[in-house]
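Structure at a glance
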Amino acid sequence: MLGMCRGRRKFLAASLALLFIPALTWLYLSAGNFQVKPLPLSPLLPQLSTLTARGGALGGGVSREALELRVREVEEENQLLRRELSRPPRSPAGPAPHHTNHRGNQSKTHSEEGTGDNEAGLKAGSSGNRSDCVQQPAVDKCETIHVAIVCAGYNASRDVVTLVKSVLFHRKSSSWTQISPPLRTSAELWAVFHKFKGQQVLGLVENQSDWYLGNLWKNHRPWPALERGFNTGVILLLLDRLRKLRWEQMWRLTAERELMSMLSTSLADQLQKTLSELDEDDPCYEFRRERFTVHRTHLYFLHYEYEPSTDHTDVTLVAQLSMDRLQMLEAICKHWEGPISLALYLSDAEAQQFLRYTQGSEVLMSRGNVGYHIVYKEGQFYPVNLLRNVAMRQVNTPYMFLSDIDFLPMYGLYEYLRKSVVQLDMANSKKALVVPAFETLRYRLSYPKSKAELLSQLDMGTLFTFRYHVWTKGHAPTNFAKWRTATTPYRVQWEADFEPYVMVRRDSPEYDRRFVGFGWNKVAHIMELDAQEYEFVVLPNAYMIHMPHAPSFDITKFRSNKQYRVCLKTLKEEFQQNMSRRYGFAALKYMTAENNS
């Protein structure tokens, strides 16, 4: 009970509580806003003295049974009062008491010092050394506050719990620092609503970054806004007025009208300082710009749980894909039982479609060792090498098999590669183990279960060496003629345009991000491996088969757009020049090989 002093006898405490009941009941029923004014204790002191004096007659005029009955009655009334106080406050029948402290006009004592006073009061109330009673400060009425939270991503809902706890915890602590001028508490943030007048419905603050001013580099025009515009990281919405103004129709019509001239806008946090060094008049500017674009990435979009084996031979299959290759996932999982790391290039809507697809697949839901990493779409090119790098960085096994999503590895390849790690002493040498690649033009294929069966289909024309009809140079160094009869691993030399699928150690170099879409993305990586003196070793009993599909959008652009091909050639030359600067004379062969091809 408020104002209760310690050091008194129990029956005296109960009597004092009984005197407080009428006052507390009146406060509860009359003050619907739940503001409790501190109770002065001085008028009760004479009564307290009287009770103390009467207490000495315990063995005389008042029986013990009567006092115990009285104590029980007081305890029952206290319980009833506590239950009543725990119920939601009722709206007052009349005007609020004169001491009501309205939300928009909080006193300095409450907003800045109330928390400290409360803590001091609690400490004083629990201290046996204090003989005086500390008055409690007034508190504001209870209000219902609706908080809207946008969750970007499937697993973000787990973080919402922490966010909500933080909001509740900081109701009277320092928080909401994004508002300018800084609002120290969510209560103060809420008080801003009382300053809205007329048709004012939104509360925003100005962006602080000079990026929005549009003068950082040549032709930098981020958007047609006045000054920096406004930041929507924390936004106040007066929903009642928004509904009356038909906001849902208003914003849609406004957005559609602006998009007719504006087309799109870009985000400040997705542009790097390096962009200022690029020439916007360069015909290949968009290609170069893509290298520095920062994509939103959601690692481990679905649950992943896998511990590598203790023999240090474990291998992870690495691949990347977009929505149009989703149908390959189940087949790959049936062919490869080991861990898989996949980078998916999706829009927000496609990410939800992917979620529903996996949840409806018994094959995918039964695999906990497949890591799905979403890279959200941004820009006009498919960032193939960025996706590969994202998937590679999440590998937690000592080795990784760098593949593509439209290839099906042979049955048992996972175990075969693990045995090859030991056989070829991969831990103590720099080797890239080549898995020979084949292809079929048939959508229905009886997948060969052995090398002998594959050779039979190759002779019958059911299978071909990969890119046999359009780009033989890419896999010619594998030496398929030798592979047909080989029984032991054999070494091959790097040649121009060589782009095999290989297994390497996890610490091998990443792919070069300058190559996007179609063309030279794997070639440049193999060249990097060769420059770092990796040995290319072909496995005699390993194979993978490319499954047919419609041409990608990027290969269509490569074939139909002359400027695309010109820029790709420019990027290739710049990459080779970089190789020469990094590796010196040893990289000269890359320049001469390109000129002779």
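Basis of the calculations
Residues numbered from 1 in each chain as written. Predicted model: local features only at pLDDT ≥ 70, side-chain atom pairs only at ≥ 80, totals over all residues. Heavy atoms only, no water. Helix = DSSP H or I, 4+ residues; strand = E, 2+ residues; numbered from the N terminus. Buried < 20%, exposed > 50% of the residue type's maximum accessible area, 1.4 Å probe, protein only. Contact = heavy atoms within 4.5 Å. Areas by Shrake-Rupley, 256 points an atom, 1.4 Å probe, with all protein chains shown as cover. Disulfide = S-S within 2.5 Å. Axes fitted to C-alpha atoms, helices over the stretch in contact; angles between N-to-C directions. Parallel < 35°, antiparallel > 145°, perpendicular 65-115°, else oblique. Left-handed = near helix turned anticlockwise from the far one by under 90°. Nonpolar A, V, L, I, M, F, W, Y, C, P; charged D, E, K, R; others polar. Core = buried A, V, L, I, M, F, W, Y, C linked by side-chain atoms within 4.5 Å. Pairing = 2+ DSSP bridges. Arc of directions from axis to C-beta. pLDDT = per-residue confidence, 0-100. Salt bridge = Lys/Arg side-chain N within 4 Å of Asp/Glu carboxyl O. Patch = residues over 30% accessible without salt bridge, like charges linked within 9 Å, V, L, I, M, F, W, Y side chains within 5 Å. Lys, Arg positive; Asp, Glu negative; His and termini not counted. Charge placed at Lys NZ, Arg CZ, Asp CG, Glu CD.

A separate point is the overall build of the protein. Along its length, the protein carries 20 helices and 15 strands. Out of the 597 residues in the protein, the part that is buried amounts to 42%. For the protein, the proportion of contacts with a sequence separation of at least 24, taken over those separated by at least 6, is 77%. Here the protein has roughly 34,500 Å² of accessible surface; of this, 54% comes from carbon and sulfur atoms.

Looking now at the state of the cysteines. Overall, the coordinates contain one disulfide when judged by the stated rule. With its sulfur 2.2 Å from that of its partner, Cys284 forms a disulfide with Cys567. Negative torsions about the S-S bond denote left-handed disulfides, and the value of about -95 degrees found for Cys284 with Cys567 makes this one left-handed. You can see Cys284 sitting in the loop between helix 8 (247-262) and helix 9 (285-290) and its partner Cys567 sitting in helix 19 (residues 562-583), a full 283 residues away along the chain. Taking relative accessible area as the criterion, Cys284 reaches 3% and is therefore assigned buried. On the basis of relative accessibility, which here comes to 1%, the residue Cys567 falls in the buried class.

Turning next to the packing of helix 17 (residues 521-531) against helix 19. Where helix 17 contacts helix 19, the two axes come as close as 12 Å, and the packing angle between them is 15 degrees. As judged from the angle between their axes, helix 17 and helix 19 are roughly parallel. Considering how the two elements wind past one another, helix 17 and helix 19 form a crossing that is right-handed. Contacts between helix 17 and helix 19 involve Ala524, Met527, Glu528 and Ala531 from the first element and Phe575, Met579, Arg582 and Tyr583 from the second. In terms of residue class, the contact of helix 17 with helix 19 is built from six nonpolar, no polar and two charged.

To continue, consider helix 14 (residues 413-423). Here helix 14 has its buried residues at Leu413, Tyr414, Tyr416, Leu417, Arg418, Ser420 and Val421. Here the buried face of helix 14 lies against strand 4 (315-322), strand 7 (399-402), strand 8 (407-409), strand 9 (431-435) and strand 13 (501-505). A positive phi of about 50 degrees marks Asp425, the residue just after helix 14.

Quick look at the nonpolar core now. Judged by nonpolar contacts, the single largest core of 108 residues is most densely connected at Leu342, Phe354, Tyr372 and Phe401. For Leu342, the residues in contact, after removing those within four places along its chain, are Ala319, Leu321, Leu329, Val370, Gly371, Tyr372, His373, Ala391 and Ile405. Membership of the second largest hydrophobic core comes to six residues, among which are Trp190, Phe193, Phe196 and Leu236.

All right, on to the sheet that holds strand 7 then. Read from one edge to the other, the open sheet built from nine strands follows the order 3-6-5-4-7-13-9-14-12, with strand pairing classed as mixed. Each edge of the open sheet carries a strand with a single partner, namely strand 3 (297-298) and strand 12 (490-492).

Glancing now at the sheet that holds strand 8. Hydrogen bonds between backbone groups are what pair the strands of a sheet, and the pairing can be parallel or antiparallel. The strand order across the open sheet built from four strands is 8-15-10-11, with neighbouring strands paired in mixed fashion. The open sheet has two edge strands, strand 8 and strand 11 (464-465), and neither has a second partner. Sheet topology places strand 8 next to strand 15 (residues 544-546); three bridges connect them, and they run antiparallel. Paired with Pro409 across the bridge in strand 15 is Met544.

Here we take up helix 15 (residues 451-460). All buried positions along helix 15 are accounted for by Lys451, Leu454, Leu455, Gln457 and Leu458. Viewed along the axis of helix 15, the buried residues span an arc of 160 degrees, placing them on a single side of the element. Of the exposed residues in helix 15, those oriented more than 90 degrees away from the buried face are Ala452, Asp459 and Met460. Buried residues in helix 15 make contact with strand 10 (437-439), strand 11, helix 16 (480-485) and strand 15. Positive backbone phi, at 85 degrees, marks Gly461, one or two positions downstream of helix 15.

This next bit is on the confidence of the model for the protein. Per-chain confidence: the protein averages 74 in pLDDT, with 67% of residues scoring 70 or above. Of the regions scoring below 50 in pLDDT, residues 1-60 engages in 87 contacts with residues more than four places distant in sequence or in other chains. Below a pLDDT of 50 lies the segment residues 91-134, which in the model reaches 52 contacts outside its immediate sequence neighbourhood of four places, other chains included.

Examined against the element boundaries, Leu433 turns out to sit in strand 9. Overall, the relative accessible area of 0% leaves Leu433 in the buried class. In this structure, Leu433 is in contact with Ser420, Leu424, Met426, Tyr501, Val502, Met503, Val537 and Leu539, ignoring residues within four places of it in sequence.

The residue Leu245 is located in the loop between helix 7 (239-244) and helix 8 in this model. Using a relative accessible area of 28% as the deciding quantity, one classes Leu245 as partly exposed. The spatial distance from the C-alpha of Leu245 to the C-alpha of Gln199 is 8.6 Å, given a sequence separation of 46 residues. Beyond its immediate sequence surroundings of up to four residues, Leu245 is in contact with Gln199, Val201 and Met250.

This paragraph deals with the pattern of salt bridges. By the definition in use, this model includes 17 salt bridges. We note a salt bridge from Lys473 to Asp497, for which the minimum N-O separation is 2.8 Å. Of this pair, Lys473 sits in the loop between strand 11 and helix 16 while Asp497 is found in the loop between strand 12 and strand 13, placing the two residues 24 residues apart along the sequence. Taking the relative accessible area as the measure of exposure, Asp497 reaches 5% and is therefore buried. Residues Asp512 and Arg514 are paired through a salt bridge, measuring 2.9 Å at the closest nitrogen-oxygen approach. We note that Asp512, like Arg514, is buried.

Quick look at the pairing of strand 13 now. By the criterion of burial, strand 13 is predominantly enclosed, with five of the five residues buried. Where strand 7 lies against strand 13, three bridges are found, and the strand directions are antiparallel. Residue pairing across strands places Met400 opposite Val504, the latter belonging to strand 13. Pairing of strand 9 with strand 13, which is carried by three bridges, proceeds in the antiparallel orientation. Counterpart to Val434 in the pairing with strand 13 is Val502.

As a further point, take a negative patch on the surface. A contiguous patch of negative charge on the surface is contributed by Glu73, Glu75, Glu76 and Glu77. Overall, the relative accessible area of 44% leaves Glu75 in the partly exposed class.

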